[in-house]
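Working through the structure, step by step
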Amino acid sequence: AQSVAQPEDQVNVAEGNPLTVKCTYSVSGNPYLFWYVQYPNRGLQFLLKYITGDNLVKGSYGFEAEFNKSQTSFHLKKPSALVSDSALYFCAVRDTNQGGKLIFGQGTELSVKP
Amino acid sequence: EAGVVQSPRYKIIEKKQPVAFWCNPISGHNTLYWYLQNLGQGPELLIRYENEEAVDDSQLPKDRFSAERLKGVDSTLKIQPAELGDSAVYLCASSSGDRASADTQYFGPGTRLTVL
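Attention here is on the structure that accompanies the text. Numbering of residues starts from 1 in every chain and runs along the sequence as written. Whichever chain is written first becomes A and whichever ligand is written first becomes 1, with later ones labelled in order. The predicted nature of this model means local features are confined to residues of pLDDT at least 70 and side-chain atom pairs, given and counted, to a pLDDT of 80 or more, with totals for whole chains, interfaces and linings taken over all residues. Remark: hydrogens and water are excluded; side-chain values derive from all non-hydrogen atoms of the structure.

Topic: the pattern of salt bridges
In the sections that follow, a salt bridge refers to a side-chain nitrogen of Lys or Arg positioned within 4 Å of a carboxyl oxygen of Asp or Glu. With the rule as written, the count across this model stands at seven salt bridges over all chains. A salt bridge links Lys58(A) to Glu64(A); the nearest nitrogen and oxygen atoms lie 2.9 Å apart. Under the scheme applied here, a residue whose accessible area is under 20% of the maximum for its type counts as buried, over 50% as exposed, and between as partly exposed, the area being computed with a 1.4 Å probe on protein chains only. Overall, the relative accessible area of 17% leaves Glu64(A) in the buried class. A salt bridge links Lys77(A) to Glu66(A); the nearest nitrogen and oxygen atoms lie 3.1 Å apart. Separated by eleven residues along the polypeptide, Lys77(A) in strand E9 (residues 73-78) and Glu66(A) in strand E8 (residues 64-68) bring together distant segments of the chain. Overall, Lys77(A) belongs to the partly exposed group, its relative accessible area being 28%. It is possible to trace a salt-bridge network through shared partners that takes in Arg64(B), Glu83(B) and Asp86(B). Numbered from the N terminus, helices here are DSSP runs of H or I no shorter than four residues, and strands are runs of E no shorter than two.

Points about the nonpolar core
By size, the foremost hydrophobic cluster in this structure holds 28 residues, and its most contacted members are Trp35(A), Leu47(A), Leu48(A), Phe74(A), Leu76(A) and Tyr89(A). Here the element with the most residues in this core is strand E10 (residues 87-94) of chain A; it accounts for four residues. Each residue touching Leu76(A), except ones within four places of it in the same chain, is listed here: Leu19(A), Thr20(A), Val21(A), Trp35(A), Leu47(A), Leu48(A), Phe63(A), Glu64(A), Ala65(A) and Tyr89(A). Here, the term nonpolar core denotes a set of buried Ala, Val, Leu, Ile, Met, Phe, Trp, Tyr and Cys residues that are joined through side-chain atoms within 4.5 Å. Within the second largest apolar cluster, 22 residues are counted, among which are Trp34(B), Leu36(B), Ala88(B) and Tyr90(B). Residues count as neighbours in contact if any of their non-hydrogen atoms are within 4.5 Å of one another.

Looking at the interface of chain B and chain A
You'll often see interface size given as the accessible area lost when the parts meet. Taken together, the contact between chain B and chain A spans 25 residues of the former and 21 residues of the latter. When chain B packs against chain A, the two sides together hide about 1800 Å² of surface, and 49% of this comes from carbon and sulfur. Our count for the chain B to chain A interface comes out at zero salt bridges. Think of a polar contact as two N or O atoms within 3.5 Å of one another; within protein, one of them needs to be a possible hydrogen donor and the other a possible acceptor, and neighboring residues in sequence only count if both atoms come from side chains. Linking chain B to chain A there are four residue pairs in polar contact (both at pLDDT 80 or more). At three residues, strand E4 (residues 31-37) of chain B tops the list of elements feeding residues into the side of chain B that touches chain A. Looking at side-chain class alone, the side of chain B that touches chain A contains eleven nonpolar, eight polar and six charged residues. Accessible surface is computed with a 1.4 Å probe, and the buried area is the amount of it that two parts give up when combined, taken over both parts together. Here the term charged refers only to Asp, Glu, Lys and Arg, the term nonpolar to Ala, Val, Leu, Ile, Met, Phe, Trp, Tyr, Cys and Pro, and the term polar to all other amino acids, Gly among them.

Concerning the state of the cysteines
The disulfide criterion is simple: two cysteine sulfur atoms within 2.5 Å. Summed over the entire model, instances satisfying the criterion amount to two disulfides over all chains. The disulfide partner of Cys23(A) is Cys91(A), and the S-S distance across this bridge is 2.0 Å. The S-S bond linking Cys23(A) to Cys91(A) shows a torsion near -65°; that makes this disulfide left-handed. Taken as a pair, Cys23(A) in the loop between strand E3 (19-21) and strand E4 (24-26) and Cys91(A) in strand E10 lie far apart in primary sequence, 68 residues in all. The exposure class of Cys23(A) is buried, given its relative accessible area of 0%. Using a relative accessible area of 0% as the deciding quantity, one classes Cys91(A) as buried. Across the disulfide, Cys23(B) is cross-linked to Cys92(B) (sulfur-sulfur distance 1.9 Å). A torsion of -70° about the S-S bond marks the disulfide between Cys23(B) and Cys92(B) as left-handed. Here the residue Cys23(B) occupies a position in strand E3 (residues 19-24), and Cys92(B) occupies one in strand E9 (residues 88-95), the gap between them amounting to 69 residues.

Some thoughts on the environment of Leu45(B)
Note on placement: Leu45(B) falls in strand E5 (residues 44-50). By relative accessible area, which is 6% here, Leu45(B) ends up buried. Measuring from C-alpha to C-alpha, the distance between Leu45(B) and Gln59(B) comes to 6.8 Å, with 14 residues separating the pair along the chain. Those residues in contact with Leu45(B), other than ones at most four positions away along the chain, are Lys101(A), Tyr33(B), Trp34(B), Tyr35(B), Asp56(B) and Gln59(B).

Section: the sheet that holds strand E7 (residues 65-68) of chain B
Residues and elements named next belong to chain B. Note on pairing: DSSP must find at least two bridges between two strands before they are called paired. The strand order across the open sheet built from four strands is E1-E3-E8-E7, with neighbouring strands paired in antiparallel fashion. Each of the sheet's edge strands pairs with one partner strand only, and the pair in question is strand E1 (5-7) and E7. Across the sheet, the mean angle separating the axes of adjacent strands is 15° when strand polarity is ignored. Pairing of E1 with E3 involves three bridges; the strand directions are antiparallel. The residue of E3 that forms the bridge with Gln6 is Cys23. Think of each axis as a best-fit line through the C-alpha atoms, taken over the contacting stretch in the case of a helix, with angles from 0 to 180 degrees between the N-to-C directions.

Re unusual backbone geometry
All names here are of chain B. Residue Pro8 is bonded to the preceding Ser7 through a cis peptide linkage, with omega at -10°. Its location among the elements puts Pro8 in the loop between E1 and strand E2 (10-13). The phi dihedral of Lys16 falls on the positive side, at around 80°, and the residue is not glycine. Checked against the element boundaries, Lys16 lands in the loop between E2 and E3. Phi at Asn51 takes a positive value of approximately 55°, unusual for a residue other than glycine. Summarising the element assignment, Asn51 is placed in the loop between E5 and strand E6 (53-56).

Laid out in structure tokens, this is it:
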């Protein structure tokens, strides 16, 4: 079965420091991987995706993610965190066996302190 | 361009009452999804439409949940009767159907349902 794991429920970083939110996946075939962010009482906002090509994917708001096939990981990164980055982050994989539904991880709460 | 629109944003009902949620997808998006998000968890698919056709409703509890997308645009998700365990956020998403670009899904703000 295809799945996504986010091993950290919460990540705490100081403003200005680099941040990493971890994600590992298990799929059959080539993965289509996504990161979404959710602010309180809001829907999910698309950040970035990996389809093929360069392992480093750049997305919205200065975020990027690194695809690592050997480690089956797709970690989200940002060189310098902002307080406004504090939110809930979801990693997802597109289920190629069932025509397009997204399988989400449990989410990681990112807290950036001034 | 307008995003995915959902209404209402919040709904509080007594158990055993019916409730309906409405979604208007991004213009031109043929594929529409309804997801359920329980507190502290990632969303889970309830149903997926390609135009008017429900192509994946395997996770929809059909004894009490129903959905429709009559003209291939707006969609309505209904629960009748609601149970306490239905309290959650119901998210609607849409995508263009472009498999080559991995068919990115764009989400609405969700409807937060509280069943008392």
